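Summary of structural features
For reference, the chains in residue letters:
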Amino acid sequence: MAEGTENDNPNKEDRIISINIDEEMRSAYIDYSMSVIVSRALPDVRDGLKPVHRRVLFGMLDLGLNNNKPYKKSARIVGEVMGKYHPHGDSSVYDTMVRMAQEWSLRYPLVEGQGNYGSIDGDNPAAMRYTEARLEKIAEEMLADINKDTIDYQLNFDDSLQEPTVLPAKFPNLLVNGASGIAVGMATNMAPHNLSEVVDATMALIDNRDIEVTELMKYVKGPDFPTGGIIYGFEGPREALETGRGRVVLRARAEIETYGSDRERIIVSEIPYQVNKGLMIERTADLVNDKKLEGISAIRDESNREGIRIVYEIKREANAAIVLNNLFKYTALQTSFSVNNIALVHGRPMLLNLKDLIHHFVEHRHEVVIRRTKFELAEAQKRAHVLEGLLIALDHLDEVIKLIRASQTPDEAREGLMSNFGLSDIQARAILDMTLRRLTGLERDKIKDEYESLMKLIDHLNSILADEGLRMQIIKDELAEIKDKYGDERKTEMVHSSAEMQTEDFIEDENVVITISREGYIKRTSLTEYRRQGRGGKGSIGSNSRDEDFIEHLLIASNHNYMLFFTESGQCFWLRVFEIPEGSRTSKGRAIQNIINIPKEENIKAYIKVVNLKDTEYLENNFIIMCTKKGVIKKTSLEAYSRPRANGINAINVNEGDSLLEATLTTGSSEIVMALQSGRAIRFNEATVRPMGRTATGVRGITLDSDNDEVVGMISIDNPETTVLVVSEKGYGKRTDIDDYRVTNRGGKGVKTLNITEKTGNLVAIKGVTDDEDLMIINKSGVIIRIAVSELRVMGRATQGVRLITLKGNDEIASVAKIEHDDEEEVTDVENSGENPDTNSTPDTDAESTSQIDITE
């Protein structure tokens, strides 16, 4: 027993092979990976199909399910494909066929379904025993000429049948319908495109093989999804077409509709590709219930067979545009499609751009045309060979009949024909099979005509094989035919500006009043909070500033504007208007040092409202002109201030003892007026100030009267109707025609602009105004009054002016701003103070107005 065991051991050891488990697992996994990549998950670049799609279409062709034939049960199709070609689960085959029949899944469906094939809401299709299907007409173009030896075949899973390795494909299906799949270590996600655009691009490449991708993109603009929608931005699609990878931002098609008297609603008629409509609506409702989405009162799905219609009812107090932007941000009304163009090229996965995809299709189609032509040539030559034999027989009809009658057997007759007339075996058999009716004169003529036409066909086919240009023309003609039959307009619109959602998209773009106090408190307040008053009124409280603080700057701006703040030391800082804290009319605001990095000891001395800092043309054609208290003026291109920095930048080099006073935005052709505290002003052309760099000091704009004198303001004049308004610290002011100020050279002493007296006080402000504007005047105690400029008559340059605001005690005017004129004015209380300062002024009044301001500046 022991010996027997020992004798058996050597044999067992011979049957055991030692293998490194790491290498075995690596080898096995690589084999599995390649099987998944090649035989399951990735499409072939030539026909754009994975094996399961190809097998479904080929199986349906086997069953004779052409578009002009009756439907067959889906279960029959699935059984045919499973049993012959695809040894996997029935659900994988049925799901594939269902997707090829869904018009919201494929841009150009390849299967025509009958029955319940699911819905865009994510509903499942009916079981395969209930539904029916047949091929779409365009799918027949994918299979055309498959029986003409145009493609290679391979054995099926049990080696019992032949299945195609690729379909002939008359159009670039991979580009047209796209594909998606997850393999091992790689994945593909290809977007669908418009058939007409793809065909045009393919013909352009055929005409010019060296064409660049950018030129092809003149034809193929970008993806064209079956569900429509809007592609925001060209950069993502462009990158995808150029490199094979890119991110396409896709939005629903939504419109804001007004109904009733003042209600609004959002109507969505197209949703992004691959979005489950029912699930999207459900999740949106959850966001509304959780208060994460404001402004929506109801959501209804009114979709039907005519198309999609989702209705979002907007609350009366909400802004529909802001609600829509929030829907884009928080729901699937905006999605992104990540393009990853990986397909099999000669059995190997490759990343392909637009030109690569079209090139490989054209090469495939070229091969199909060559093989089809060779097949048709062989068939024509075979038929011509037979007809030649028949014609020989007809030319020697009596001899042939005599030979056949004398022969004892068919084989003897066949051999006699071959030996006596030099015929081949095929020709002899054709003569013996010929019926007697073919001996009539009419039939003989038909044979001759057929032979002649065959010879022409053979010559044509030979010329095709000899001329590549002719073959390419055939491909173009077939593509043009496909475009005529199946081409359509784009469903997905492409628009500019697909940048990521910016904060301002969620902020209502309304006009606001911005106030800045001397001690650096800032706020923004809705313009409607201020009421207009008649000239001479006592005003209304504008803010509750601290005892020693007062409003120094006031301006009207839009929430979406950029603000440039200039400090007295010449620093420039950026801020978006909507970033300024909102406060009521009576609140003091928030310290500006807590918002931007302005040094605590600095004061804001000037500001500029800029619409856009990214428009190159706008930046290059606008300038910032600054002036200092000591009369220095400087001009710099706006482009120098277009790159915001958290810690600010140097805007102007300010000399010791001087400080920045004013900054204004100009177009380069304005006229500048600078005014002194002593009541003098100078007017000169902006062109006399050359543009300088940010760090320059500037040049002299006006000469001061004395060491105690200083500049109080600067204005730029563009409108010939503009008049010059000056205001003194004791509440006096006047308008003067701009022509009263003669144009002089920069740097002079100027001319008198206001007759300064003890009653008027020194000059504190100068503004360029028209009758279409109102004034907001703020005194140091925080009282605000609003008056119409049209109430102030134009007066002489050297006069004293009229009283604009009644001041109490030692109060003085702190700031003056101009805003859009409001036509509505209702004076509710008038009290004549009885004071008549001088002959040039009108009686002072205390007047208040209750009309609300609704202004678009």
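A quick note: this is a predicted structure, and the numbers were derived from the prediction, not measured. (Residues numbered from 1 in each chain as written. Predicted model: local features only at pLDDT ≥ 70, side-chain atom pairs only at ≥ 80, totals over all residues. Heavy atoms only, no water.)

Some words on empty space enclosed by the protein
Inclusion rule: Cavities and pockets were defined on a 1 Å grid built from protein atoms only: a cavity is a group of points that admits a 1.4 Å probe but offers it no way out, a pocket is an open group of points flanked by protein on both sides within 12 Å along at least five of seven lines, and a lining residue is one with an atom within 4 Å of any such point. Grid points are joined across faces, edges and corners, and a volume is the space filled by probe spheres set on the points. Strands are runs of DSSP state E lasting at least two residues, helices are runs of H or I lasting at least four, and both sets are numbered from the N terminus onward. Ten residue types, Ala, Val, Leu, Ile, Met, Phe, Trp, Tyr, Cys and Pro, are classed as nonpolar, four, Asp, Glu, Lys and Arg, as charged, and the remainder, Gly among them, as polar.
Inspection of every chain in the model, using the stated rule, returns 4 cavities of 30 Å³ or more. In this structure, the largest cavity occupies an estimated 70 Å³ of space. As for the largest cavity, its lining consists of Leu 175, Ala 191, His 193, Pro 223, Pro 237, Ala 240, Leu 241, Val 339, Asn 341, Leu 354 and Leu 357. For the lining of the largest cavity, the elements supplying multiple residues, two or more each, are helix H10 (235–243) and helix H13 (354–395). Per-element accounting of the lining of the largest cavity gives the leading share, 3 residues, to H10. Here the lining of the largest cavity is composed, by residue class, of 9 nonpolar, 2 polar and no charged.

Brief notes about the confidence of the model for the protein
What counts here: Values of pLDDT, the confidence the predictor places in each residue, fall between 0 and 100. Whether two residues touch is decided by their heavy atoms; if any such pair falls within 4.5 Å, the residues are in contact.
With 89% of its residues at a pLDDT of 70 or more, the protein has an overall mean of 84. Averaged pLDDT values over the elements of the protein bottom out at 32 in strand S42 (residues 827–832) and peak at 97 in strand S3 (residues 132–135). When the criterion is pLDDT under 50, residues 1–6 qualifies, and its contacts beyond four places in sequence or with other chains add up to 0 contacts. Here residues 824–857 is a poorly scored stretch, pLDDT under 50, and it has 95 contacts once near neighbours within four places are set aside; other chains count.

Examining the side chain of Ser 642
Note the following rule: Between N or O atoms, a polar contact is any pair within 3.5 Å; within protein, one atom must be a potential hydrogen donor and the other a potential acceptor, and residues adjacent in sequence are included only when both atoms are from side chains.
Of note, Ser 642 is situated in the loop between strand S27 (632–637) and strand S28 (649–650). Engagement of the side chain of Ser 642 in a polar contact is seen with the backbone oxygen of Glu 639, the distance being 2.8 Å.

Focus on the packing of aromatic side chains
Rule in force here: Each pair of aromatic rings taken from Phe, Tyr and Trp, with Trp reduced to its six-membered ring, is defined by centres within 6.5 Å and is described as stacked if the planes are under 30 degrees apart, edge-to-face if over 60, and tilted in the remaining cases. Three exposure classes are used, based on accessible area relative to the maximum for each residue type with a 1.4 Å probe and protein chains only: buried under 20%, partly exposed in between, and exposed over 50%. Charge over a ring is defined by NZ of Lys or CZ of Arg lying within 6 Å of the ring centre and within 35 degrees of the ring normal.
All told, the structure shown has 7 aromatic pairs when counted by the stated rule. With centroids separated by 5.9 Å and ring planes inclined at 45 degrees, the aromatic side chains of Tyr 29 and Tyr 32 adopt a geometry described as tilted. Of this pair, Tyr 29 and Tyr 32 both sit in helix H2 (residues 21–41), 3 residues apart, roughly one helical turn. Tyr 32 gets classed as partly exposed once you look at its relative accessible area, which sits at 42%. Taken together, the ring pairs in this structure connect Phe 58, Tyr 85 and Tyr 153 into an aromatic cluster. Above the ring of Tyr 232, the side-chain terminus of Arg 251 is found at 4.2 Å from the ring centroid. Residue placement shows Arg 265 over the ring face of Tyr 259; its charged tip is 4.4 Å from the ring centre.

Quick word on a negative patch on the surface
What counts, and what does not: Patch building starts from residues that exceed 30% relative accessible area and form no salt bridge, then joins like charges within 9 Å and nonpolar side chains (Val, Leu, Ile, Met, Phe, Trp, Tyr) within 5 Å. Only the protein chains shown count as cover for residues, with accessible areas throughout obtained via the Shrake-Rupley method and a probe of 1.4 Å. Should a side-chain nitrogen of Lys or Arg be within 4 Å of a carboxyl oxygen of Asp or Glu, the pair is scored as a salt bridge. Residues counted as positive are Lys and Arg, residues counted as negative are Asp and Glu, and His and the chain ends are not counted. A charge is said to be at NZ when it belongs to Lys, at CZ for Arg, at CG for Asp and at CD for Glu.
Together, Glu 508, Asp 509, Glu 510, Glu 529 and Glu 582 line one region of the surface with negative charge. Here Glu 508 is to be found in the loop between strand S17 (493–495) and strand S18 (511–517).

Describing the pairing of strand S25 (residues 604–610)
Note the following rule: Strand pairing requires that DSSP identify at least two bridges connecting the strands.
Of all 7 residues in S25, 5 are buried, a share of seventy percent or more. Note: strand S22 (residues 562–567) against S25, 6 bridges, orientation antiparallel. By the bridge assignment for S25, Tyr 562 is matched with Val 610.

Thoughts on the nonpolar core
Test applied: Only buried Ala, Val, Leu, Ile, Met, Phe, Trp, Tyr and Cys residues count toward a nonpolar core, and they belong to the same one when joined by side-chain atoms within 4.5 Å. These domain boundaries are the output of an automatic or database domain assignment.
Counting residues in each nonpolar core, the largest one holds 94 residues, and the members touching the most others are Leu 57, Leu 110, Leu 195 and Leu 354. With 15 residues, the single largest contributor to this core is H13. Mapping this core onto the domain boundaries places at least three of its residues in each of domain 1 (35–169) and domain 3 (358–486). Apart from residues no more than four positions distant in its own chain, Leu 195 is found in contact with Tyr 108, Ile 138, Phe 171, Val 176, Ile 482, Tyr 486 and Gly 487. Residues Ile 266, Val 268, Val 275 and Ile 281 belong to the second largest nonpolar core, which totals 22 residues.

A closer look at H13
Since one α-helical turn is 3.6 residues long, residues separated by three or four positions face the same way. We count it as follows: Expected helix span is taken as 1.5 Å per residue step, with the number of steps being one fewer than the number of residues.
Compared with an ideal rise of 1.5 Å per residue, which puts 42 residues at 62 Å, H13 spans 60 Å between its outermost C-alpha atoms and is within 8% of the ideal. Capping of H13 at its N-terminal end is provided by Asn 353; its side-chain oxygen lies 3.1 Å from the backbone amide nitrogen of Lys 355.

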